[in-house]
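Now for the letters of each chain:
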Amino acid sequence: MADGRPRVVVTGMGVIAPLGIGLDEFWTNAAAGKSGVGRMTLADPSAYPCQVAGECLDFDYTLYMDRKDGRRMARFSQMAVAASRMAIEHAGIELDALSDAERERFGVMMGNGGGGLPNDLEAVRTMDERGGMKVDPFYISKRLSNMAGGNVAIQFGLLGYNNTVTTACAAGTQAIGDAVEVLRRGAADVMLAGGTEAGICELGLAGFASMRALTSGYNDTPERASRPFDRDRDGFAPGEGAGMLLLETLDHARARGAEPLAEITGYGVSADAAYLVAPAENGAGAARAMRLALADAGVDPERVEVISAHATATDVGDRAETDALKTVFGEHARQLHVSAMKSQIGHLLGGAGGVETVAAVQMLRTGVVTPTLNLDNPGEGCDLDYVPHTSREVNPSVLLKDSFGFGGQNAVLVIERFEG
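Residues numbered from 1 in each chain as written. Predicted model: local features only at pLDDT ≥ 70, side-chain atom pairs only at ≥ 80, totals over all residues. Heavy atoms only, no water.

Okay, the environment of L276 next. Looking at where L276 falls in the secondary structure, it is placed in the loop between strand 9 (262-271) and helix 11 (284-297). Judged by relative accessible area, which is 69%, L276 ranks as exposed. Here the alpha-carbon distance between L276 and C169, two residues 107 residues apart in the chain, equals 13 Å. Residues contacting L276, with those up to four places away along its chain left out, are F406, G407 and G408. (Helix = DSSP H or I, 4+ residues; strand = E, 2+ residues; numbered from the N terminus. Buried < 20%, exposed > 50% of the residue type's maximum accessible area, 1.4 Å probe, protein only. Contact = heavy atoms within 4.5 Å.)

Rendered as structure tokens:
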């Protein structure tokens, strides 16, 4: 970078998502405007108003790790390991050829929200039915949020910087931004970064349903359930999945002959310091994070062409994000192409930022901006260009990725098409 900091590039990506397993299947379906939201099968939703979810029904962990190892992991860790393996292979890194010194400079930054929530439910049921000493001896090491990053390091022998970000729905994006900072300050040469979540179970369903956060009016037409910015939205559709990026300094990538897929040039984080589960009025906290990211990148707002929106399909959240975009971009906000991937996959919570950042990089690589499905009638105050219904050929060079989490935690990335 012009300020002397190392440039950070993306050289590999892996994804497990409701739209597909692996980058090719995921992106083909995303660009085609397909929905991965269907009837919920991983939990019994019969007692709850929400009966739809974005599930990764074709995911088979045994394709990515030893069966014995996988049985000792929670599903969110299995997905993180699988997506990480894909990213490593996509980047062309030969793990067997790495020296110990190189492994010590290879780290992991993982985003996760709820850890092994289904494992909590299973443990409590076992206690009630069979007694506490019958609980899975791997229960604790499965359910802890940090175990996804721990398992990735163990599986691939990565000895470097390792951390887990647990800022709820902002965690995946914040993990990527934090990994950029690790690389910039010289604490690593290579980082696996992203997010993972697999919490679809009756316990999670009960918790979100009781707080009236979930969609409930589209159980018979699940593909219509996730509808960000639409007048008839009624909450988010829960989802699961993992998205991982292989990040490295540009010098390191060039030294090994790797081809950068995109460059992450800006990162901003802020706190609303307002409400537990609602954004600050007018999206003030989100706007601060956007401005910080743009300043970090040295990018004028008028250069941004695409917004990969957080857009959960809640009334207050969608309006706050729209207000923040108007605050930061002014009249230019009308020129933005605002894409809401949660309309296609549901809300992956801590995994959302990882999967959505993979999609963001693909938008820059292919020139195609994915659509906001189910936007039939824009809601009050939602009056920007949200790329309704179908993908659009835009050929963007600068994109802003938004993620906002419970507790008022905001994380924003600036991602640019790589220019050598």
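All right, on to unusual backbone geometry then. A positive phi angle, near 60 degrees, is found at R212, a position not held by glycine. With relative accessibility at 70%, the residue R212 sits in the exposed group. One non-glycine residue, V387, adopts positive backbone phi at about 50 degrees. Within the fold, V387 resides in the loop between strand 12 (368-369) and strand 13 (392-393).

With eight of ten residues buried, strand 9 is to be regarded as a mostly interior element. Sheet topology note: the strand 1 (residues 8-17)/strand 9 ladder contains three bridges and is antiparallel. The partner of V10 across the bridge, within strand 9, is A262. As paired elements, strand 9 and strand 15 (residues 409-416) share eight bridges and run antiparallel to each other. Following the sheet pairing, A271 is matched in strand 15 by Q409. (Pairing = 2+ DSSP bridges.)

With respect to the element layout, G107 can be found in strand 5 (residues 106-111). In the structure, G107 is positioned 89 residues away from T196 in sequence and 16 Å away in space, judged by C-alpha atoms. Beyond its immediate stretch of four places on either side in the chain, G107 contacts G160, Y161, V190, M191 and L192.

This brings us to the pattern of salt bridges. Side chains carrying opposite charge are able to pair once their charged atoms draw close together. Applying the stated criterion across every chain, the model contains 22 salt bridges. Salt-bridge contacts for E181 lead to R184; the nearest nitrogen and oxygen are separated by 2.9 Å. One end of the pair, E181, and the other, R184, are both in helix 8 (residues 171-184), three residues apart, so they sit about a helical turn from each other. The class for E181 is partly exposed, based on a relative accessible area of 28%. Salt bridges sharing partners connect three or more residues here, namely R5, E181, R184 and D296. (Salt bridge = Lys/Arg side-chain N within 4 Å of Asp/Glu carboxyl O.)

Moving on, we get to the nonpolar core. Ranked by internal contacts, the top residues of the largest apolar core, which has 46 residues, are F26, L247 and I415. No other element matches the eight residues that helix 14 (residues 352-366) contributes to this core. Residue contacts for L247: discarding those within four places in its chain leaves V8, V9, V10, I176, A179, V180, L183, D189, V190, M191, A193 and I264. Core analysis: the second largest hydrophobic core is formed by 36 residues, I16, F106, A153 and V190 among them. (Core = buried A, V, L, I, M, F, W, Y, C linked by side-chain atoms within 4.5 Å.)

Across its 14 residues, helix 11 extends 20 Å between first and last C-alpha, which sits within 8% of the 20 Å expected from 1.5 Å per residue. Within the span of helix 11, buried status applies to G285, A286, A287, A289, M290, A293, L294, D296 and A297. At the C-terminal side of helix 11, G298 shows a positive phi close to 65 degrees. (Expected span 1.5 Å × (residues − 1).)

With that settled, the discussion passes to a positive patch on the surface. Judged by side-chain charge, R67, K68, R71 and R72 come together as a positively charged surface patch. Mapped onto the fold, K68 is located in helix 2 (residues 67-71). The exposure class assigned to K68 is exposed, which follows from its relative accessible area of 52%. (Patch = residues over 30% accessible without salt bridge, like charges linked within 9 Å, V, L, I, M, F, W, Y side chains within 5 Å. Areas by Shrake-Rupley, 256 points an atom, 1.4 Å probe, with all protein chains shown as cover. Lys, Arg positive; Asp, Glu negative; His and termini not counted. Charge placed at Lys NZ, Arg CZ, Asp CG, Glu CD.)

We now examine the packing of helix 5 (residues 117-130) against helix 9 (residues 202-210). At a closest axis distance of 7 Å, the pairing of helix 5 and helix 9 adopts a crossing angle of 110 degrees. Taken as axis vectors, helix 5 and helix 9 run roughly perpendicular relative to one another. Contacts between helix 5 and helix 9 pair L117, D120, L121 and R125 from the former with E202, L203 and G204 from the latter. Residue composition of the contact of helix 5 with helix 9, grouped by class: three nonpolar, one polar and three charged. (Axes fitted to C-alpha atoms, helices over the stretch in contact; angles between N-to-C directions. Parallel < 35°, antiparallel > 145°, perpendicular 65-115°, else oblique. Nonpolar A, V, L, I, M, F, W, Y, C, P; charged D, E, K, R; others polar.)

A separate point is the state of the cysteines. In this structure the tally under the stated criterion is zero disulfides. Free of any disulfide, C50 has its nearest cysteine sulfur in C201, 13 Å distant. For the unlinked cysteine C56, the closest cysteine sulfur is that of C201, found at 15 Å. (Disulfide = S-S within 2.5 Å.)

As for its placement among the helices and strands, K342 is situated in helix 13 (residues 342-345). On the accessibility criterion, K342 (2% relative accessible area) is buried. Other than its neighbours up to four places away in sequence, K342 contacts S226, A309, H310, A311, T312, H347, A352 and E356.

Turning our eyes to something else, we now look at the side chain of N151. Mapped onto the elements of the fold, N151 is located in helix 7 (residues 147-156). Residue contacts for N151: discarding those within four places in its chain leaves M73, S77 and V81.

Residue placement: T221 occurs in the loop between helix 9 and strand 8 (241-249). A relative accessible area of 26% means that T221 is categorised as partly exposed.

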